[in-house]
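# Structural overview
This is what each chain is made of:
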Amino acid sequence: MEIKIIPCLNDNYSYLIFDKIKKNACVIDPSEAKPIIEVIEKNKINLKYILNTHHHYDHVGGNKELKEKYKSKIVGFKEDKDRIPEIDIMVEDNQIWKNENFEAKIYHIPGHTSGHIAFHFFKEKKIFTGDTLFSLGCGRIFEGTYEQMFNSLKKIKDLPRDTEIYCGHEYTLQNGNFCLTHDSSNLKLKVKIENVKKKLENSLPSIPTILADEIECNIFLKAKDLKSFSKLRDLKDNF
Ligand code: ZN
Ligand code: FE
């Protein structure tokens, strides 16, 4: 399974995953159609599925155009069926979604939105976390409670430590600066931020990140209890 990271809009990432032999592909969270179409045409692949982590426009903006152009099927959370544009296939928490050579476990991870899900390609050890877990940060709580977000992050934290995390935005450096203000003696965090800076200076994405790094450096995953998590989340909103 090959992955192409496709920058969209200002700071979004869409991801195209494809089977190199069959040339079948899924796109995760197409913010807009144009940059996705460019990659599809260049690599001559068939866009079979569009996977959405949540309904926000910067994650579903390309749904309609891509579906019309490639006759792709759109996969989203059952309880968000009225908010995911053009949805075809409805998935539930803990379900295994399997098609072609793609196989992912669905996790319902509410907090950012009530219907947010993650797609975990467990055989490849890759998870697409949308706006729930970012590298060195987590999403804003728009529709859920602090407790829901805390528990959603816990679900991801419990995956194998060598899992690769692909999130919805390039927020890593700002997130890292926030982590540093609360965890200034964390050497591993400092090294991670230096590596991120180098990548960004070379116009490379800081994504994917590895779960083990996040567990050691991401202050939201390090939060011991709901109370300290909630406090950090409030502070981050005003950072
Ligand atoms: Zn969002
Ligand atoms: Fe977003």
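Cut-offs applied
- Residues numbered from 1 in each chain as written.
- Chains lettered and ligands numbered in written order.
- Predicted model: local features only at pLDDT ≥ 70, side-chain atom pairs only at ≥ 80, totals over all residues.
- Heavy atoms only, no water.
- Helix = DSSP H or I, 4+ residues; strand = E, 2+ residues; numbered from the N terminus.
- Buried < 20%, exposed > 50% of the residue type's maximum accessible area, 1.4 Å probe, protein only.
- Contact = heavy atoms within 4.5 Å.
- Pairing = 2+ DSSP bridges.
- Axes fitted to C-alpha atoms, helices over the stretch in contact; angles between N-to-C directions.
- Donors = N, O, S within 2.8 Å, 3.2 Å for Na, K, Ca; no water.
- Tetrahedral: all angles 85-135°; square planar, octahedral: opposite > 155°, others 65-115°.
- Salt bridge = Lys/Arg side-chain N within 4 Å of Asp/Glu carboxyl O.
- Core = buried A, V, L, I, M, F, W, Y, C linked by side-chain atoms within 4.5 Å.
- Disulfide = S-S within 2.5 Å.

## Concerning the side chain of His-120
- The topology assignment puts His-120 in strand E9 (residues 117–121).
- For His-120, a relative accessible area of 5% puts it in the buried group.
- With sequence-adjacent residues up to four places away left out, His-120 is seen in contact with Glu-103, Ala-104, Lys-105, Tyr-107, Lys-126, Ile-127, Leu-159 and Thr-163.

## Some thoughts on the pairing of strand E7 (residues 96–99)
- Bridging between E7 and strand E8 (residues 102–108) involves 4 bridges; their strand directions are antiparallel. Within E8, the position partnered with Lys-98 by the bridge is Glu-103.
- Hairpin remark: E7 followed by E8, antiparallel, with 2 residues in the connecting loop; positive phi at Glu-100, about 50°.

## Re the sheet that holds strand E2 (residues 12–18)
- The strand order across the open sheet built from 6 strands is E1-E2-E3-E4-E5-E6, with neighbouring strands paired in mixed fashion. In this open sheet, the two edge strands, each paired with only one partner strand, are strand E1 (2–8) and strand E6 (89–91). Adjacent strand axes in the sheet meet at a mean angle of 25°, parallel and antiparallel pairs treated alike.
- With 5 bridges joining them, strand E3 (residues 24–28) and strand E4 (residues 46–51) adopt parallel strand pairing.

## Re the coordination of the iron ion (ligand 2)
- For the iron ion (ligand 2), the full set of protein donor atoms is Asp-58 (OD), His-59 (NE2), Asp-131 (OD) and His-169 (NE2), and the range of their distances to it is 2.1 to 2.3 Å.
- One way to put it: the 4 donor atoms around the iron ion (ligand 2) meet at angles of 83 to 169°, and that makes the site irregular.

## What about the pattern of salt bridges?
- Scanning the entire structure with this criterion turns up 23 salt bridges.
- When the shortest N-O distance is used, the salt bridge between Glu-103 and Lys-123 registers 2.6 Å. One end of the pair, Glu-103, is in strand E8; the other, Lys-123, is in the loop between E9 and strand E10 (126–130), with 20 residues separating them in the sequence.
- Overall, Glu-103 belongs to the buried group, its relative accessible area being 14%.
- Looking at Lys-123, the relative accessible area reads 59%, which means it is exposed.
- Put simply, Arg-161, Lys-188, Lys-192, Asp-213, Glu-214 and Glu-216 are held in one network by salt bridges that share partners.

## Let's talk about the coordination of the zinc ion (ligand 1)
- The protein atoms that coordinate the zinc ion (ligand 1) are His-54 (NE2), His-56 (ND1), His-112 (NE2) and Asp-131 (OD), at distances spanning 2.2 to 2.3 Å.
- What the 4 donor atoms of the zinc ion (ligand 1) show is an angle range of 85 to 171° at the metal, which sorts the shape as irregular.
- Positions of the donor residues of the zinc ion (ligand 1), expressed as sequence spacing, correspond to H-x1-H-x55-H-x18-D.
- The distance between the zinc ion (ligand 1) and the iron ion (ligand 2) is 3.2 Å, with Asp-131 acting as a donor to both metals. Linking His-54 in the loop between E4 and helix H2 (57–60) with Asp-131 in the loop between E10 and strand E11 (133–134), this pair joins segments that are 77 residues apart in sequence. Per residue, the accessibility class of His-54 equals that of Asp-131, and both read buried.

## Describing the sheet that holds E10
- With mixed pairing, the 6 strands of this open sheet are ordered in space as E7-E8-E9-E10-E13-E14. The sheet is open, and its two edges are formed by E7 and strand E14 (209–210), each paired on a single side.
- As judged from the 2 bridges shared by strand E13 (residues 164–167) and E14, these two strands associate in the antiparallel manner. Counterpart to Ile-165 in the pairing with E14 is Thr-209.

## Brief notes about the nonpolar core
- Counting residues in hydrophobic clusters, the biggest one holds 26 residues, and the most contacted among them are Leu-153, Leu-211, Phe-220 and Phe-229.
- Mapped onto this core, the elements with two or more residues apiece are helix H4 (146–157), helix H5 (172–182), helix H6 (187–201), helix H7 (211–217), helix H8 (219–222) and helix H9 (226–237).
- Sort the elements by how many residues they give to this core and H4 lands first, with 4 residues.
- Core analysis: the second largest hydrophobic core is formed by 22 residues, Leu-51, Val-91, Phe-128 and Ile-207 among them.

## Describing the state of the cysteines
- Under the definition given, this model contains 0 disulfides.
- Here Cys-8 stays free of any disulfide, with the sulfur of Cys-167 as its closest cysteine sulfur at 14 Å.
- Counting only cysteine sulfurs, Cys-217 is the nearest neighbor of Cys-179, a cysteine outside any disulfide, at a range of 7.8 Å.
- Among the residues examined, Cys-179 registers a relative accessible area of 0% and is labelled buried.

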